Amino acid sequence: MLNFPIGSLLSKHDGATINFTVDEEVDFGGESDLKLKGNLVFDVQFLKLPHEISVQISNLSAESSSVCSRCLKEIPCKILVPCVEREFIIDLPVRDLQEGEDAFSVNKDKNEIDLTDMVHEELLLHFPAIPLCSESCKGLCDKCGVDLNEESCLCKHDDKKIISPFKFLTR
């Protein structure tokens, strides 16, 4: 999906770079909860180092949809990732990796780097944890389920019964 040819970079000196601009539709497959609307856009730079390729993605942006956590309406969601970097191993022995270090490697058979997993992970990490249609969203009535943004309900709400988990700290 997001495979980049780097064969020409592998034969160059350390410090050499190649750049790409991506603006294309990407489908992360059926197992992913992330469904993009429109194109995935970003710039990527590949930098050759002695035993690895440094991959720097900048200005990663995508549009998706989510559900408001309060009123349950579908809302558009713009995901922005300013910058992310990872190293892809060319020929560093596994024993030279530090314990707990993630290892990404260059596909030497095809002389390419697949950024699909990297981009997918970054989009998920930058997805809003609690998406809201607006900060002032009133949500749904907890008794009758009416959308309080559109109409008020006739349910009796006893505001005095609201129990704060912090009320015992006031003593």
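Residues numbered from 1 in each chain as written. Predicted model: local features only at pLDDT ≥ 70, side-chain atom pairs only at ≥ 80, totals over all residues. Heavy atoms only, no water.

S.K.: For this particular structure, what's the right way to read the packing of aromatic side chains?
M.R.: Both the distance between ring centres and the angle between the ring planes are used here to describe each pair of aromatic rings. Going through the model one piece at a time under the given rule, you end up with 3 aromatic pairs. Ring centres of phenylalanine 4 and phenylalanine 20 lie 5.2 Å apart, and the angle between their planes is 50°; on these two criteria the pair is classed as tilted. One end of the pair, phenylalanine 4, is in strand β1 (residues 3-5); the other, phenylalanine 20, is in strand β2 (residues 17-24), and 16 residues separate them in sequence. Residue phenylalanine 4 is classed as buried on the basis of its relative accessible area of 7%. Judged by its relative accessible area of 27%, phenylalanine 20 is partly exposed. (Phe/Tyr/Trp six-rings, centres within 6.5 Å; stacked < 30°, edge-to-face > 60°. Helix = DSSP H or I, 4+ residues; strand = E, 2+ residues; numbered from the N terminus. Buried < 20%, exposed > 50% of the residue type's maximum accessible area, 1.4 Å probe, protein only.)

S.K.: Could you clarify how one ought to interpret the pattern of salt bridges in this entry?
M.R.: Opposite charge on two side chains makes pairing possible when the charged atoms of those side chains draw close. This structure, assessed with the given rule, holds 7 salt bridges. Notably, a salt bridge pairs glutamate 150 with lysine 73, separated by 2.6 Å at the nearest N-O pair. With glutamate 150 in the segment after α2 (116-125) and lysine 73 in the loop between β4 (52-67) and β5 (74-89), this pair connects stretches of sequence that are 77 residues apart. A relative accessible area of 55% means that glutamate 150 is categorised as exposed. (Salt bridge = Lys/Arg side-chain N within 4 Å of Asp/Glu carboxyl O.)

S.K.: Before we go on, may I ask you to explain the environment of leucine 80 in this structure?
M.R.: By the secondary structure assignment, leucine 80 is in strand β5. Taking the C-alpha atoms as reference points, leucine 80 and phenylalanine 42, separated by 38 residues in sequence, lie 9.8 Å from one another. In this view, leucine 80 contacts Leu60, Ser61 and His126; residues no more than four positions away in its chain are not counted. (Contact = heavy atoms within 4.5 Å.)

S.K.: Hey, could you run me through the sheet that holds strand β6 (residues 104-105) in this one?
M.R.: One key point about sheets: their strands pair by backbone hydrogen bonds, in either a parallel or an antiparallel sense. In spatial order, the strands read β2-β3-β4-β5-β6; together these 5 strands make up an open sheet with mixed pairing. Looking along the sheet, the strands with just one partner apiece sit at the ends: β2 and β6. Pairing of β5 with β6 involves 2 bridges; the strand directions are parallel. If you follow isoleucine 89 over to β6, its bridge partner there is serine 105. (Pairing = 2+ DSSP bridges.)

S.K.: Help me out: how do you make sense of the nonpolar core in this one?
M.R.: With 32 residues, the main nonpolar core has Phe46 and Leu115 as its most contacted residues. For this core, the elements supplying multiple residues, two or more each, are β2, β3 (40-48), β4, β5 and α2. Contact partners of leucine 115, with chain neighbours within four places excluded, come to Leu2, Phe4, Val44, Phe46, Val55, Ile57 and Phe88. (Core = buried A, V, L, I, M, F, W, Y, C linked by side-chain atoms within 4.5 Å.)

S.K.: Can you help me understand the environment of leucine 132 in this one?
M.R.: Examined against the element boundaries, leucine 132 turns out to sit in the segment after α2. A C-alpha to C-alpha distance of 7.9 Å links leucine 132 and isoleucine 75, two positions 57 residues apart in sequence. For leucine 132, the contacting residues outside a window of four places in its chain are Cys68, Ser69, Arg70 and Ile75.

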